[in-house]
Amino acid sequence: MNSRFSRENRLIAVYLAVFSLIPMLTRNIIPHDMIENLYWGKELQLGYEKHPPLFAWISYFFYKLFGSWPESLYILTQLNLLLGFYFIYKTSRLMLNKEESYASVLIFMTSVCAVFGNEKFNASTILMSLFPAMFYFFLRILKFEKKTDAVFLGIFSALAFIGKYFALLYIGCMGLFLLQNKECRKFFKMPHFYIAAVVFMICISWHVIWIIDNDCVTLKYALAKTADCPPNRFYAFNFLIMQFIFFATSFWALAYACRKDFIFFPQSDHSPEEKFIIFITIVPNVILFLVSLITGMRIGSFWGTNMMMTLGTYLVILNKKIDTNRLFCFTKKISIFFAAVLFLKLEAAHLPIINDPTYALNIREISKKVDEDWNKKFGDQKMKILKTDKATAALHIHLKDSPSSYDTNRLGLFQVFDLYPSNENAVAVFLSRKNGEEVARFRKLYNGCILFENTVPVTDDYFVYYAFVNTRNIGAEKKL
């Protein structure tokens, strides 16, 4: 533990490097969530139809920082997790010694959530760093009563909110903890949390104005995600099952490190800081479970990816006599196992038996052909508008002019070109079966507007079709 770069730090560095490299080596296209991040981020809007803007801004900035290299987002994904590890450690150090604080990180590293819930950087995974940061400054206020920590709490709470509105659940739970804990009620007579609230409101005010000006579009999307299926109380139990799947290996790690003498549930008195960790680990899950059980509200399976970042700290608080050598060995072994499973999972997607044409797409080659044909047809005219299906959405990353990308809905659906600047030459691209049914429908819809068209073979059964379309005189509200 006395070495400048401890064995735990070395393990964390290797862990993050391996889980950055595996998708780089096995995926031919970055995940659709990260493709969306980039075409939202390049427009630098104050909000987007699906989500608040923070993760899209960060994604695009990082992408440009690495010379417009899409695979750099895998590095960003793991750096975000590293920041989460850092704040888990710093939070633990407010209550535990150095060895126990490292144990808090190692226990979380053994979870399925840390690997398979963190395969991409999006609105859910960004909270894996912002929640621990938020909790850290909350605990510093409880412990040191410094007003500067209140400012940082307000800032990180605001960042979490403009990362994903789900953060409001945890912000509310922090207030609930102050109300229910007798030792912490004194803070209602002190300025700290009022300062945090004012800073929070100032930091999110611009986005709140955007939400109001845009008819609460992101809130409507969030509500639609929970209401797009009929109410079903099974969702609540599915949520619990997913939480168990995500974190069962962390409990296994604890049992292995403590042998037979381990505790899962609080049994004795704790300091206010320890009580907060226990509260924030358990209560949000209980609230979400009860809301879903009572209302039948749908809870996404991967909502749990950011909900128990404090689990390692929680388990160490309850089990301070952890054999850290055994825990370290277990973490190494389970990490190797996870790496092998992830590699095989991603490699298996390319097997012929899967027969998914999206895995056979060579997006770089397709973008090169589109660019070549565009230059032949229009010379130096800049390509501004790209419309794709979901399978070919990554084209906007690789095309020379980096056009604005619209309507990456499911195959066959296109918004209307005249929603965008009139008389612009635009590009439409989608994956089609060899029978050409989708192409025939597209030609019928845009009859007289297609200036050029071409295809790129993908598999025996599929090809990519692209067309240059002039947006003049295209009727509104048409769909394929």
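1. Some words on the overall build of the protein chain
Step number 1: In terms of helices and strands, the protein chain carries 18 helices and five strands.
Step number 2: For a compact globule of 480 residues, the expected C-alpha radius of gyration is about 23 Å, and the protein chain comes in at 25 Å, within 12% of that figure.
Step number 3: Counting only C-alpha atoms, the protein chain reaches 75 × 50 × 45 Å along its principal axes.
Step number 4: Counting only contacts in the protein chain whose residues sit at least 6 apart along the sequence, the fraction spanning at least 24 positions is 75%.
Step number 5: For the protein chain, the accessible area works out to roughly 22,000 Å², and carbon and sulfur atoms hold 60% of it.
Step number 6: Counting 52 positive and 38 negative side-chain charges, the protein chain places the averaged centre of each group 6 Å from the other.

2. Considerations on the nonpolar core
Step number 1: Core analysis: the largest hydrophobic core is formed by 141 residues, its most contacted members being Phe-85, Phe-108, Leu-142 and Phe-276.
Step number 2: Ranked by the residues each element gives to this core, the list is headed by helix α7 (residues 127–144), at 13 residues.
Step number 3: Among all residues touching Phe-85, those that are not within four sequence positions of it are Ile-12, Tyr-15, Leu-16, Val-105, Phe-108 and Met-109.
Step number 4: By size, the runner-up hydrophobic cluster in this structure holds eleven residues, among which are Phe-442, Leu-445, Cys-449 and Ala-467.

3. Digging into unusual backbone geometry
Step number 1: For Leu-44, which is not glycine, the phi dihedral falls at a positive 45°.
Step number 2: Leu-44 gets classed as exposed once you look at its relative accessible area, which sits at 57%.

4. Some thoughts on the side chain of Asn-37
Step number 1: Mapped onto the elements of the fold, Asn-37 is located in helix α2 (residues 32–41).
Step number 2: Ignoring any residue separated from it by four or fewer positions in sequence, one finds Asn-37 in contact with Phe-55, Ala-56, Ser-59, Phe-121 and Asn-122.

5. Some points on the packing of helix α12 (residues 234–258) against helix α13 (residues 272–295)
Step number 1: Packing of α12 against α13 leaves a shortest axis separation of 7 Å and a crossing angle of 150°. By the angle class used here, α12 and α13 are roughly antiparallel. Residues Tyr-235, Ala-236, Phe-237, Phe-239, Leu-240 and Gln-243 of α12 form the contact with α13, whose own contacting residues are Asn-285, Leu-288, Phe-289, Ser-292 and Leu-293.
Step number 2: Here the contact of α12 with α13 is composed, by residue class, of eight nonpolar, three polar and no charged.

6. Let's talk about the pairing of strand β3 (residues 425–433)
Step number 1: With eight of nine residues buried, β3 lies mostly within the body of the structure.
Step number 2: Summarising the sheet, strand β1 (residues 385–388) and β3 pair through three bridges and their orientation is parallel. Its bridge partner being in β3, Lys-387 is matched across the sheet by Ala-428.
Step number 3: Pairing of β3 with strand β5 (residues 462–470) involves nine bridges; the strand directions are antiparallel. By the bridge assignment, Arg-433 is partnered in β5 with Tyr-462.

7. Overview of the side chain of Thr-331
Step number 1: Note that Thr-331 resides in helix α15 (residues 324–348).
Step number 2: Thr-331 gets classed as buried once you look at its relative accessible area, which sits at 0%.
Step number 3: Beyond its immediate stretch of four places on either side in the chain, Thr-331 contacts Leu-11, Leu-106, Met-109 and Thr-110.

8. Quick notes on the packing of helix α1 (residues 7–26) against helix α5 (residues 98–109)
Step number 1: Taken N-terminus to C-terminus, the directions of α1 and α5 make an angle of 25°; their axes are 11 Å apart at the nearest point. Taken together, the axes of α1 and α5 are roughly parallel relative to one another. Crossing geometry of α1 relative to α5 is assigned as left-handed. Counting all contacts with α1, which are made through Glu-8, Asn-9, Leu-11, Ile-12 and Tyr-15, the residues of α5 involved are Tyr-102, Val-105, Leu-106 and Met-109.
Step number 2: Classifying every residue of the contact of α1 with α5 by side-chain character gives seven nonpolar, one polar and one charged.

9. Section: the pattern of salt bridges
Step number 1: As enumerated under the stated definition, the model contains twelve salt bridges in all.
Step number 2: With a shortest N-O distance of 3.1 Å, Glu-119 and Arg-27 are connected by a salt bridge. Here Glu-119, found in the loop between α6 (112–116) and α7, pairs with Arg-27, found in the loop between α1 and α2; they are 92 residues apart in sequence, far enough to count as distant.
Step number 3: Residue class for Glu-119 comes out buried when judged on its relative accessible area of 14%.

10. Points about the packing of aromatic side chains
Step number 1: One pass over the structure, following the stated rule, counts 49 aromatic pairs.
Step number 2: Considering the side-chain rings of Phe-138 and Phe-193, the 5.2 Å spacing of their centres and the 50° angle between planes classify their relative orientation as tilted. Note that Phe-138 is positioned in helix α7 and Phe-193 in helix α10 (residues 192–213), a separation of 55 residues in sequence. The residues Phe-138 and Phe-193 share a single accessibility class, namely buried.

11. A short note on the environment of Phe-328
Step number 1: Among the structural elements, Phe-328 can be located in helix α15.
Step number 2: Residues Phe-328 and Leu-11, 317 residues apart in the sequence, show an inter-C-alpha distance of 8.9 Å.
Step number 3: If we skip the residues at most four places from it in the chain, Phe-328 touches Arg-7, Glu-8, Leu-11 and Leu-106.

Parameters at a glance
- Residues numbered from 1 in each chain as written.
- Predicted model: local features only at pLDDT ≥ 70, side-chain atom pairs only at ≥ 80, totals over all residues.
- Heavy atoms only, no water.
- Helix = DSSP H or I, 4+ residues; strand = E, 2+ residues; numbered from the N terminus.
- Rg over C-alpha atoms; globule rule 2.2 N^0.38 Å.
- Contact = heavy atoms within 4.5 Å.
- Areas by Shrake-Rupley, 256 points an atom, 1.4 Å probe, with all protein chains shown as cover.
- Lys, Arg positive; Asp, Glu negative; His and termini not counted.
- Charge placed at Lys NZ, Arg CZ, Asp CG, Glu CD.
- Core = buried A, V, L, I, M, F, W, Y, C linked by side-chain atoms within 4.5 Å.
- Buried < 20%, exposed > 50% of the residue type's maximum accessible area, 1.4 Å probe, protein only.
- Axes fitted to C-alpha atoms, helices over the stretch in contact; angles between N-to-C directions.
- Parallel < 35°, antiparallel > 145°, perpendicular 65-115°, else oblique.
- Nonpolar A, V, L, I, M, F, W, Y, C, P; charged D, E, K, R; others polar.
- Pairing = 2+ DSSP bridges.
- Left-handed = near helix turned anticlockwise from the far one by under 90°.
- Salt bridge = Lys/Arg side-chain N within 4 Å of Asp/Glu carboxyl O.
- Phe/Tyr/Trp six-rings, centres within 6.5 Å; stacked < 30°, edge-to-face > 60°.

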